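Structure at a glance
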Amino acid sequence: MVPAHNEARVIGRLLGDLLAVARPGEFDIIVVPNGCTDETEQVAASFGAPVRVIASPEPSKAAALRLGDEAAQSFPRLYVDADVELRTEDVRELVAALREPGVLAAAPDRHLELTASSWPVRWYYQIWTRLPEVQRGLFGRGVIAVTRDGHQRLERLPQVIADDLASSLAFAPEERVIVASARVVVHPPRTWGDLIRRRIRAVTGVEQLERTDLDQAGGSARTSMRDLAGMARREPHLVPPLVVFIGVALIAKARAAKAVRRNDYSAWQRDESSRA
């Protein structure tokens, strides 16, 4: 299932990869364009029968996911962001991983496409990708695959900005798996401003999530200064990127504080540079 809000520039890339070597009838891909003012619906519909398009006038990812779930007919089920790259073979590997006993959720290995990003952005992600919870969590990948039982777990989650983080924390470590043989290409922000906007959204989402009654069976996504200090000791060459990382974290926290104080989680800090 692919919820999509104004993703005409990138959704064709995703659908082309998903269907590249798919067998007839292998996938039932549901795209839910929501509140779109571009040609997302038309681009998705151009792929024909393997893709079902269910348009919604409401610009809401949560509402789009509900519509998609109502139309979906089978499990395992994948939820995929429109701006990532995921191949047919990657989907097959994720589905295979869910056949293992006790596994309720799976996500692919993450590859960040940073060649077009500015050096501060590259330095930030040089640290972010080393964080323990980032490495083992399902979030920040744009893809999550679940079994029927895993889907029931997701249905009980509160509606929050950080929906992928909530999905990750809903599963205990032994219930989720990162599949090394599957890969998703994620396009991070290209510019400093877009990085800050994305991190403001992330910080706001974490604050909102911690105010819910979600049972964080999977642990916390907070990064401690102990983690960062340990990284600096082990790899002294990372000190300059660490300075950038901490600076971004402090700026994002300060700018998110106003919305958090107002209990306002309605603003959506969308990064457009990664969709160029």
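Small disclaimer: the values here were computed from a predicted structure and weren't measured. (Residues numbered from 1 in each chain as written. Predicted model: local features only at pLDDT ≥ 70, side-chain atom pairs only at ≥ 80, totals over all residues. Heavy atoms only, no water.)

1. Some details on the overall build of the chain
Quick reminder of the rule: Only DSSP runs of H or I with at least four residues qualify as helices, and only runs of E with at least two residues qualify as strands; both kinds are numbered from the N terminus onward. Each radius of gyration reported is based on C-alpha atoms, and the globular scaling rule is 2.2 Å times the count of residues to the power 0.38. Throughout, a contact is declared for two residues whenever any of their heavy atoms are within 4.5 Å. Accessible surface is estimated by sampling points in the Shrake-Rupley manner with a 1.4 Å probe; for residues, cover comes only from the protein chains shown. Only four residue types enter the charge count, namely Lys and Arg as positive and Asp and Glu as negative; His and the chain termini do not. By convention, the charge on Lys lies at NZ, on Arg at CZ, on Asp at CG and on Glu at CD.
When its secondary structure is counted, the chain shows eleven helices and eight strands. Here the C-alpha atoms of the chain give a radius of gyration of 18 Å, agreeing with the 19 Å that 2.2 N^0.38 yields for 276 residues. If one aligns the C-alpha atoms of the chain with their principal axes, the spans along those axes are about 55 × 45 × 35 Å. Within the chain, contacts between residues at least 6 apart in sequence are counted, and of these 78% link residues at least 24 apart. Counting every atom, the chain has about 13,400 Å² of accessible surface; 52% of that belongs to carbon and sulfur. Counting 37 positive and 36 negative side-chain charges, the chain places the averaged centre of each group 6 Å from the other.

2. Brief notes about helix 1 (residues 11-19)
To be explicit about the condition: Throughout, exposure labels follow a simple rule: accessible area from a 1.4 Å probe, protein chains only, divided by the maximum for the residue type, with under 20% read as buried, over 50% as exposed, and the rest as partly exposed. The directions considered for the arc are those from the helix axis to the C-beta atoms.
All of the buried residues in helix 1 are Ile-11, Leu-14, Leu-15, Leu-18 and Leu-19. Summarising the axial view, the buried residues of helix 1 lie within an arc of 115°, below the 170-degree limit, and thus occupy one face.

3. Section: the sheet that holds strand 1 (residues 2-4)
The test is simple: The rule for pairing is simple: two strands pair if DSSP sees at least two bridges between them. In this analysis, axes come from line fits to C-alpha atoms, helices being fitted only over the stretch in contact, and the angle between any two N-to-C directions falls in the range 0 to 180 degrees.
Strands sit in the order 1-2-3 across an open sheet of three strands; the sheet is parallel. Pairing within the sheet leaves two strands with one partner each, and these edge strands are strand 1 and strand 3 (51-53). Geometrically, the sheet is characterised by an average inter-axis angle of 25° between neighbouring strands, direction not taken into account. Across three bridges, strand 2 (residues 29-33) lies against strand 3 in parallel orientation.

4. A short note on helix 7 (residues 148-155)
Listed as buried for helix 7 are Gly-150, His-151 and Leu-154. All buried residues of helix 7 lie within an arc of 100° about the axis, which places them on one face of the element. Opposite the buried face of helix 7, by more than 90 degrees, sit the exposed residues Arg-148 and Glu-155. In the core, the buried residues of helix 7 are packed alongside helix 3 (61-71), strand 4 (77-80), strand 7 (143-146) and helix 8 (163-169).

5. Topic: the nonpolar core
Here is the rule: Note on terminology: a nonpolar core comprises buried Ala, Val, Leu, Ile, Met, Phe, Trp, Tyr and Cys residues joined through side-chain atoms within 4.5 Å.
Counting 71 residues, the largest nonpolar core has Ile-29, Val-31, Leu-86, Trp-128 and Phe-171 as its most contacted members. Counting five residues, the second largest nonpolar core, distinct from the first, contains Ile-30, Val-32, Ala-64 and Ala-71.

6. Details of the packing of aromatic side chains
So the rule is basically this: Pairing of aromatic rings covers Phe, Tyr and Trp, the last through its six-membered ring, and needs centres within 6.5 Å; plane angles under 30 degrees mean stacked, over 60 mean edge-to-face, and all others mean tilted.
In this structure the tally under the stated criterion is four aromatic pairs. Consider the rings of Tyr-124 and Phe-245, whose centres lie 4.8 Å apart with planes at 20°: the pair is stacked. Highlighted residues: Tyr-124 in helix 5 (residues 119-128) and Phe-245 in helix 11 (residues 239-262), separated in sequence by 121 residues. Accessibility classification places Tyr-124 together with Phe-245 in one group, the buried group. Pairing Tyr-125 with Trp-128 gives two aromatic rings, centres 5.6 Å apart and planes at 80°, and the pair type is edge-to-face. With a gap of three residues between them, Tyr-125 and Trp-128 both fall in helix 5, about one helical turn apart.

7. As for unusual backbone geometry
Between Phe-75 and the following residue, Pro-76, the backbone shows a cis peptide bond with an omega angle of 0°. Inspection of the secondary structure assignment puts Pro-76 in the loop between helix 3 and strand 4. You will see that Asn-6, though not glycine, has its phi angle at about 50°, which is positive. Its place among the elements puts Asn-6 in the loop between strand 1 and helix 1.

8. Let's talk about the pairing of strand 2
Counting buried positions along strand 2 gives five out of five residues, so the element sits mostly inside the fold. Burial along strand 2 is two-sided: Ile-29, Val-31 and Pro-33 facing one way and Ile-30 and Val-32 facing the other are all buried. Looking at chain direction, strand 1 and strand 2 are connected through three bridges and run parallel. Within strand 2, the residue paired with Ala-4 across the bridge is Pro-33.

Treat this as a map of the structure, not an account of what it does.
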